[in-house]
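Summary of the model geometry
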Amino acid sequence: MFRTALRNVAAHKGRLLMTVLAVMLGTAFVAGTMVFSDTFDKALKNSFSKSYTDISVQVTDYSAGATALPTEKKSPELTKATVDQLAALPGAAKARGVADGFAAVADKKGKLIGDAGSAKGANWAPEANGQDPRYPMAEGQGPKKAGEVALDRGTADKGGYKVGDTVRVAGNGPARDLKLSGVFTTDDPNVEAGTTLALFDTASAQDLLVSPGRFSGIDLQAKPGTSQTALQDAVVAQLPKDAHFTVQTGDQLTASQAKAIDSGTKFMKTLLLVFAGISLFVGIFLIANTFSMLVAQRTKELALLRAIGAARGQITRSVLVEALLIGLTASIAGLLTGIGIGAAMQALLKAFAEGLPSGPLVVAPATVITALVVGVLVTVVSALFPALRASRVAPVAAMSSGDNPASQKSLIVRNVIGSVITAGGIAMILGGASKGGETGRFVIGGGAPITMIGIFVLLPLLSRPVIAVTGPVLAKLAGTPGKLARRNAVRNPRRTASTAAALTIGLTLVSAMTVLGTSVGNAVDRIVTKGVVADYNVTSANGINLAPELADKIAKAPGVTASSPLYKGYWDLPGRGGEVTGVNVQALPKLLSLTLDAGSADALTKGQVLIASDVAKENRLTVGSTVKAGYGDTAGGTVTVGGVYQRIDLLGDAVVADTVLAKYSPEADFSKVLVRGTDGATGALAQSLRDATGNNPVIETKTQQDMRDEFSSVISIILKLMYGLLAMSVLVAVLGVVNTLAMSVFERKREIGMLRAIGLDRSGVKRMVRLESVVISLFGATIGVLLGVFLAWAVNSTLDAVIPGLVTEPPYGQLALFLLTAGLVGLVAALWPARKASKLDILTSIKTD
C-alpha cells in the first residue's frame, strides 16, 4: 500500500500541484515570519546592548521636567551637589550628571528634521581630556557655552548643516538660533535608527530641557572590584528616602531593555503568525477539496483494491501517506521560501526605515521544526475526512461507471449540525453586542469563529438559493454556456462550498475591517471637528505645552480676529478629579459652537462653570449646583454650575473663563490655541501664525481638514497593512479556485466531449468554465461581505461608550468593489482550466472511462 501511495502521488502530481503551492505558501509565511522576527530581535538586542556598557548604576528622576499638582509636595532634585556626593562614594570611579529631554531641530527651510516624538537633546559632559566619551566629535568641538549646539552626523547631513552654521532648535520653550560648534558620531542605537540628537553645554541643557541647575539623571561607573549591586546599595543609602528617584544597575537596565524588545517583537511575530494561520486555514479547504475530488475520481481503483483484499484501514493509511508525502515536500519548499521571505522583509524594512539595526539571518531550530510540523499536520488533517471516505468505497463500485454523490441523508445531517453551530455563534455575537465594553468584545471574539465555522458547514445548503439568483442573468447574457455554468456550480454543493469558503474567509475579514475603519474614522472625524468654528488650531507636534508668551503673540498676529488658549487645570469635581478648560470668554463664540442641554454659555461671563453632560449625569449636577474650585488642599471655594454642554474633543470635563481658572489653578498651562481669521483659513494667516510663534519647527498650525486628514491617514495605514497581510490568504483562495476547476474539467471530460459533439463550440466551453468560476467566486464573496458587515456592526456596538456617536456605516462603494474584484479573481482563475477544457479532443473525451 505504501508503494501504491507513492505511485498515486507520481501519477497525480499535476493535480496535486496547487495543493503543494497552498501548503508551501502557508508554511513560507510562518517560516518567513519566524526568521524575520528572530533576526530583528537579535539585531535589536545586539545594537541596544551597547547602551549601558559604560554604566554600572543609573539614577533617574522621572519627575524632572514634569508639572507638579498643587497638592504635591516638592520632591528632592538631582543637582551638582548630588553628583559630587555620589562621585565621592568609595566604590564609585566617576559620576556624570545627565540633563536630557525633548529638543527638535529645524532644517534650513524651517521644517522639522525627523519625528517630533523621538527628537532628543542632552548635555555635553566633557571629562578631564576635554572630550565626552559618549559622543566623539567628527568635526569641530563640543558646545562649551550658551548659544552653541552640536548635532549628530545624520541630523547635520539631513539639515545640510556645517560647523559654524546657525541652527534653529526648540525645546520646552521658545525656539532658539544657536551656532553649530561640532558634529559628532555615536553608537546610540536610537540615533542610528533616525532619532535626532542635539547637545548643549550642561547649564544650557538644564535650562532648556529640565530646569535650571537640575539633572534628570546621574550615571555612575564602579571601581574595579566593586560590583554593580554593591554600588547600587551605596547609592540608595545616600539618596533621600522620599525622592522620586529610580536606581538601577547596568545589568538591570540591559535586562529591562531586552524584555521590552522581546515584548515588541513578540507582538509583531504574533500578528504576522495570525495572518499566516489564516492562510493555512484557507489552504485546508483547498487540500480537503483536492483529496475529495481525487478520491471520487479513483472510485474504481479504490474498489478494485478492496476487491483484491485491501482492508479499510489500509485504504485510509494509503491516502494519508499521500498527504504526508505532499505535506513534507511542500513544507520543505515552504521553509526554504520562508527563509527568502525573511531576508526580503529585512531588506524591505531597512529600505523604508534607514538606520534600524540589521544582522545575519537567524534560522532557529524552532523555525525549522515549526514549519515542517505545521505543514505536514495541516495537510494530513485536511486529508483525513477524504481518507475516511475513501475507505468506505464498496468493492462492488469497481463495476460501476458513475459517480458516488453524497447521500441526501449526509447533507441533512450536515445542515442540522451547521444550523446549530451557526445559531450558537450568532447568539454569542448578539449577546456580546448587547453586553458592550471589553467583555462584549471578548464574547464576540469567541462567537465570530464559531459562526464562521457554522456558515462553512451550511455553505452547500446556501449555494443553491444564492446561485439560483444568477440564473436568469447568466442565461440572458451568455445563453446556453451561462445556463450550463449555473447548473455546474450547484451540481456538487460540497465542492462549490469548499471552493467558495476560501474566498469567504478573506472577504469576511477584509469587509469587517473596512466597515470598522470607515465607521470609526467617520465617528472620530465628527468628534475631532464637532463644535469647532475656528480656522486654525495652533499646537505642538509632540503635545508639549506652549510657552505662555505665545498667547499674546498669536492674538496680535496680522489677520487674527479672535483667539483663545485652551488652558488646562484640575479641580475636585464631584466623584473624581477632572480636567477643567479655561477659555477667553469674549472669543469663545467665534471659536467654538457649544451645544447646551441646559443653561447658557453666557454663564461663563458671570464666573460660572459649564459641565460636560456625561459628568453632570454621573454626579447629578444641574444648573444652580455648586462644585469645588481648585484641587485638594488648595481648593479655594465653590463655583456655580451655569450650564451643561455636550462634550467635544477639545474641551475637558468642565469649562470656565480663563480668569476664573487662573484664580483657582495658577499652575494651569496650555498646549493648544484656537484662532479665527479675518478672511478665514488662508495661506497668509498660516504664515502670520508661524511668524508669531517664532517659526518654531515643533509648532503646527492645523485647519479642520488637517485634523481630519491626520486621523484618517492613521486608519488608512492600518487598513492597508491588514489588506497586505491578508493578500497571502487571498492568493491561496485563488489557487483553490484554479485547482477545483482544473480537476473538475478532468472529471467532466466525457460530459465536455458530449457537449462539443452536439454543437457547443470551443468558445462556448470557455465561457461555461469561466462563468462557473465567476459564480462560485461571487457566491463566496457575497457570504463573506454579509458576514463581515454583521461582525463589524457587533463590534461597533461595544465601542459606543468609548467613541461617542459611533454608528455602523458600510462603505457601499468599497464593498461593491470587493465583489467586483472577487468576480475578476474568479475570471482570472478560470483562464487556464477554461483553455484546457476547450482543447479536449471530442472522441478521446467521449470514450473516457
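Sequence order as written defines the numbering, with residues in each chain counted from 1. With pLDDT at 70 or above as the cut-off, local features in this predicted model cover only qualifying residues; side-chain atom pairs require 80 or more to be listed or tallied, and sums for whole chains, interfaces and linings still use all residues. The side-chain quantities take in all heavy atoms of the structure and omit both hydrogens and water.

**With respect to the overall build of the protein**
To keep things clear, this is the line we draw: Counting from the N terminus, the helices are DSSP H or I runs at least four residues long and the strands are E runs at least two residues long. Per-residue accessibility, obtained with a 1.4 Å probe over protein chains only, is compared with the maximum for each type, and a residue is labelled buried under 20%, exposed over 50%, and partly exposed between these values. Charge counting treats Lys and Arg as positive and Asp and Glu as negative, with His and both chain ends excluded. Positions of charges follow a simple convention, taking NZ of Lys, CZ of Arg, CG of Asp or CD of Glu.
In terms of helices and strands, the protein carries 28 helices and 21 strands. In terms of principal-axis extent, the alpha carbons of the protein reach across some 100 × 75 × 45 Å. Taking all 849 residues of the protein together, the buried fraction comes to 48%. Once the 82 positive and 63 negative side-chain charges of the protein are each reduced to a mean point, those two points are 17 Å apart.

**A few points about the nonpolar core**
Which entries qualify depends on this criterion: The criterion is simple. A nonpolar core is a set of buried Ala, Val, Leu, Ile, Met, Phe, Trp, Tyr and Cys residues joined through side-chain atoms within 4.5 Å. Should any heavy atoms of two residues lie within 4.5 Å, those residues are considered in contact.
Formed by 101 residues in total, the largest nonpolar core has its most connected members in Phe275, Val282, Phe291, Phe456, Leu459, Ile505 and Val769. When neighbours within four sequence positions are excluded, Phe291 is seen to be in contact with Val319, Glu322, Ala323, Ile326, Ala383 and Pro386. Among the nonpolar cores identified, the runner-up in size contains 41 residues, and Val585, Leu610, Val655 and Val656 belong to it.

**Topic: the sheet that holds strand β1 (residues 57-61)**
As a reminder, the rule being used: Strand pairing is defined by DSSP finding a minimum of two bridges between the two strands. Structural elements are reduced to axes, namely lines fitted to C-alpha atoms, with helices fitted over the stretch in contact, and the angle between N-to-C directions of any two is expressed from 0 to 180 degrees.
Taken in spatial order, the 4 strands make up an open sheet running β2-β10-β1-β11, and their pairing is antiparallel. Of all strands in the sheet, those bounded by a partner on one side alone are β2 (92-98) and β11 (245-249). Ignoring which end each strand starts from, the neighbouring axes of this sheet average 15° apart. Of the strand pairs in this sheet, β1 and strand β10 (residues 217-222) are connected by 4 bridges, and their pairing is antiparallel. Bridging across to β10, Val57 finds its partner in Leu220. On the sheet, helix α3 (residues 80-87) packs against β1, β2 and β10 and is oriented at approximately 165° with respect to β2. Across the face of the sheet, helix α7 (residues 228-238) comes into contact with β1, β2, β10 and β11 while running at roughly 165° to β11.

**Remarks on unusual backbone geometry**
For residues other than glycine, phi is negative in most cases, and the peptide bonds are mostly trans. You will see that Arg620, though not glycine, has its phi angle at about 55°, which is positive. With respect to the element layout, Arg620 can be found in the loop between α20 (613-619) and β17 (626-629). Look at Asn695: it is not a glycine, yet its phi comes out positive at around 50°.

**What to know about α3**
Heads up, the condition is: In this description, the arc belongs to the directions extending from the helix axis to the C-beta atoms.
Among the residues of α3, those classed as buried are Thr82, Val83 and Leu86. The buried residues of α3 occupy an angular sector of 100° when projected down its axis, which confines them to one face. Among the exposed residues of α3, those pointing more than 90 degrees away from its buried face are Lys80 and Ala81.

**Some words on the pattern of salt bridges**
Just so we agree on the cut-off: Between Lys or Arg on one side and Asp or Glu on the other, a salt bridge is scored when a side-chain nitrogen of the former is within 4 Å of a carboxyl oxygen of the latter.
In total, this model carries 17 salt bridges according to the counting rule given. The salt bridge partner of Asp653 is Arg647, with a shortest N-O separation of 2.7 Å. Looking at Asp653, the relative accessible area reads 12%, which means it is buried. One network of salt bridges, with partners in common, ties together Asp54, Arg96 and Asp219.

**Some details on the packing of helix α17 (residues 493-529) against helix α26 (residues 812-829)**
Inclusion rule: Any angle that is under 35 degrees is reported as roughly parallel, and any over 145 degrees as roughly antiparallel; angles of 65 to 115 degrees are reported as roughly perpendicular and all others as oblique. Put simply, a crossing is left-handed when the front helix is turned counterclockwise from the back one by less than a right angle, and right-handed when it is turned clockwise. Each residue gets one of three labels, nonpolar for Ala, Val, Leu, Ile, Met, Phe, Trp, Tyr, Cys and Pro, charged for Asp, Glu, Lys and Arg, and polar for the others, Gly among them.
Contact geometry of α17 with α26 gives a least axis separation of 10 Å together with a crossing angle of 165°. By the angle class used here, α17 and α26 are roughly antiparallel. The handedness of the crossing between α17 and α26 is right-handed. Taken together, the residues of α26 that come into contact with α17 (itself represented by Leu507, Val510, Ser511, Thr514, Val515 and Thr518) are Gln814, Leu815 and Phe818. Among the residues forming the contact of α17 with α26, the class breakdown is 5 nonpolar, 4 polar and no charged.

**Quick look at the packing of aromatic side chains**
Here is the rule: Aromatic pairs are defined between Phe, Tyr and Trp rings, using the six-membered ring for Trp, whenever the two ring centres lie within 6.5 Å; interplanar angles under 30 degrees are classed as stacked, those over 60 as edge-to-face, and all others as tilted.
Counted by the stated rule, this structure contains 5 aromatic pairs. Ring geometry for Phe36 against Phe40: centres 6.0 Å apart, planes inclined by 0°, an arrangement best described as stacked. In this pair, Phe36 and Phe40 both sit in helix α2 (residues 17-48), 4 residues apart, roughly one turn of the helix. A single burial state applies to Phe36 and to Phe40, both of which are buried. Aromatic pair Phe790 and Trp793: ring centres 6.0 Å apart, planes at 20°, arrangement stacked. Linking Phe790 with Trp793, this pair stays in helix α25 (residues 762-797), spanning 3 residues, or about one helical turn.

**Quick look at the confidence of the model for the protein**
Just so we agree on the cut-off: The predictor attaches a confidence to each residue, called pLDDT, with possible values from 0 through 100.
Looking at the protein as a whole, the pLDDT averages 84, with 91% of positions reaching at least 70. For residues 67-71, every residue scores under 50 in pLDDT, and the model assigns this stretch 9 contacts once sequence neighbours within four places are set aside.

**Structural notes on the packing of α25 against helix α27 (residues 831-838)**
It is at 8 Å that the axes of α25 and α27 come closest, and there the two elements cross at 145°. The element α25 and its partner α27 pack so that their crossing is right-handed. Where α25 approaches α27, its residues Arg762, Val765, Lys766, Val769 and Arg770 are matched on the opposing element by Leu831, Pro833, Ala834, Arg835, Ala837 and Ser838. Residue composition of the contact of α25 with α27, grouped by class: 6 nonpolar, 1 polar and 4 charged.

**With respect to the pairing of strand β4 (residues 120-124)**
Taking burial as the measure, the 5 residues of β4 include 4 buried ones, the bulk of the element. Relative to strand β9 (residues 197-201), β4 runs parallel, the two sharing 5 bridges. The partner of Trp124 across the bridge, within β9, is Asp201.

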